[in-house]
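# Architecture and fold: a report
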Amino acid sequence: MTVSIVRFGGSNCDRDAERALEYLGIDAEIVWHEDGLPADTTGIVLPGGFSYGDYLRAGAMAARSPIMAEVREAAAAGVPVLGVCNGAQVGCEAGLTEGAFTTNESARFQCEHVHLRVERADTPWTAAYEEGEVIEVPIAHGEGRYEIADDRLADLEDEGRVLFRYCDADGETSPEANPNGSKHAVAGVLGERDTVAVLMPHPERATLPDIGPTDGQGVLCGFEQ
């Protein structure tokens, strides 16, 4: 079992993801996007960073790299795929999930710890939590506001494809607890399969006990399911 972490020009969280996965005992390998996915790939991470300098739109250039056709094919075959921060933007741009991430309501880069409410606990990415549980993870983004047409968001919610929402420490959603103005406080969503997920917060930065909270471990354990 090897999780391939796709590195684009401008990725800067690939090593964080690799270290976090290896801490959890999950084999991981950083893969340069021009080299394609290794044959032994059993999971895929689209890491955070600033692929192609966020030129045009965050994630738009990386989403058109040839490797993303391989990622889509793997996702359709049931291979677990996780997009984090810039990787979430890439995932949306590549059609792995619906919606888009755009400029924060504050129009500034935000780097802070936030609380997330687990909306479903029956997915690979949330099986370590209880439904309604509140976890603490960091964010670091300038374009993290989740947007989608109201009718499509209603469909996603009806289909149970909202994975995490921003909330306060008590699990309540509010404008004050929503760091970027995401519609309906959405922080993470699922693709058509629950083995595909994108989220703006960084679980890999909340995994190693020597650098802070470890609430993000459960998300990365999705590669063990």
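We now turn to the structure provided with this report. Along each chain, residues carry numbers from 1 onward, in the same order as the chain's sequence is written. Confidence filtering applies because this is a predicted model: local features only for residues at pLDDT of at least 70, side-chain atom pairs given and counted only at 80 or more, and all residues used for totals across whole chains, interfaces and linings. Only hydrogens and water are set aside when side-chain values are computed; all heavy atoms of the structure are taken into account.

What follows covers empty space enclosed by the protein. Throughout, the protein atoms alone are placed on a 1 Å grid, and a set of points is a cavity if a 1.4 Å probe fits but cannot get out or a pocket if it is open with protein on both sides within 12 Å along at least five of seven lines; lining residues have an atom within 4 Å of a point. Grid points are joined across faces, edges and corners, and a volume is the space filled by probe spheres set on the points. In total, this model carries 1 cavity of 30 Å³ or more according to the counting rule given. By volume, the largest cavity is sized at about 40 Å³. Polar here means any residue outside two lists: the nonpolar Ala, Val, Leu, Ile, Met, Phe, Trp, Tyr, Cys and Pro, and the charged Asp, Glu, Lys and Arg; Gly therefore counts as polar. Across the lining of the largest cavity, the residue classes tally to 6 nonpolar, 1 polar and 1 charged.

Owing to its 3.6 residues per turn, the α-helix brings residues three or four apart onto one side. Burial classes follow relative accessibility: with a 1.4 Å probe on protein chains only, a residue under 20% of its type's maximum area counts as buried, one over 50% as exposed, and anything between as partly exposed. Numbering goes from the N terminus for both helices and strands, where a helix is a DSSP run of H or I of at least four residues and a strand is a run of E of at least two. What helix α1 (residues 14-23) keeps buried is the set D14, A17, A20 and L21. Angularly, the buried residues of α1 cover 130° about the axis, an arc narrow enough to put them on a single face. Exposed and oriented more than 90 degrees from the buried face of α1 are R15 and R19. Throughout, the arc means that of the directions going from the helix axis to the C-beta atoms.

The next point concerns the side chain of T123. Counting through the fold element by element, T123 comes out in the loop between β6 (110-118) and β7 (134-141). Think of a polar contact as two N or O atoms within 3.5 Å of one another; within protein, one of them needs to be a possible hydrogen donor and the other a possible acceptor, and neighboring residues in sequence only count if both atoms come from side chains. Only 2.7 Å separates the side chain of T123 from the side chain of T126, close enough to count as a polar contact. Any two residues whose heavy atoms approach within 4.5 Å at even a single point are treated as in contact. Leave out the neighbours within four places in its chain, and T123 touches L163, L190 and D194.

Moving on, we come to a nonpolar patch on the surface. By definition, no residue in a patch forms a salt bridge, and every one has over 30% relative accessible area; like charges are joined within 9 Å, nonpolar side chains (Val, Leu, Ile, Met, Phe, Trp, Tyr) within 5 Å. Note on areas: Shrake-Rupley, 1.4 Å probe, and residue coverage restricted to the protein chains presented here. Think of a salt bridge as a Lys or Arg side-chain nitrogen and an Asp or Glu carboxyl oxygen that are within 4 Å of each other. The grouping of Y52, Y55, L56 and M61 at the surface amounts to a nonpolar patch, some 430 Å² of accessible area in total. Within the secondary structure, L56 is located in the loop between β3 (41-46) and α2 (67-76).

This part takes up helix α3 (residues 86-93). Counting buried positions over the 8 residues of α3 gives 7, a clear majority of the element. Taken together, the buried positions of α3 are occupied by N86, G87, A88, Q89, V90, G91 and C92. Where the residues of α3 are buried, they touch β3, α2, β4 (81-84), β5 (100-102) and β11 (196-199). Positioned one or two residues after α3, G95 has a phi angle of 85°, which is positive.

Moving on to the layout of surface pockets. Here the largest pocket is characterised by a volume of approximately 200 Å³. Residue lining of the largest pocket: R72, A75, A76, G95, L96, T97, E98, R161, G191, E192, R193 and V196, and that is the complete set. Class assignment for the residues of the lining of the largest pocket results in 4 nonpolar, 3 polar and 5 charged.

Two rings belonging to Phe, Tyr or Trp (six-membered ring only in the last case) form a pair when the distance between their centres is within 6.5 Å. Interplanar angles under 30 degrees mark stacking, angles over 60 mark edge-to-face geometry, and anything in between is tilted. On inspection of all chains with the given rule, the structure shows 3 aromatic pairs. Summarising the aromatic geometry, the rings of W125 and F223 are spaced 5.1 Å apart at their centres and angled 80° between planes, so their arrangement reads as edge-to-face. Placement of the pair is W125 in the loop between β6 and β7 and F223 in the segment after α5 (217-220), with a sequence separation of 98 residues. Here the two residues W125 and F223 agree in accessibility, since each one is buried.

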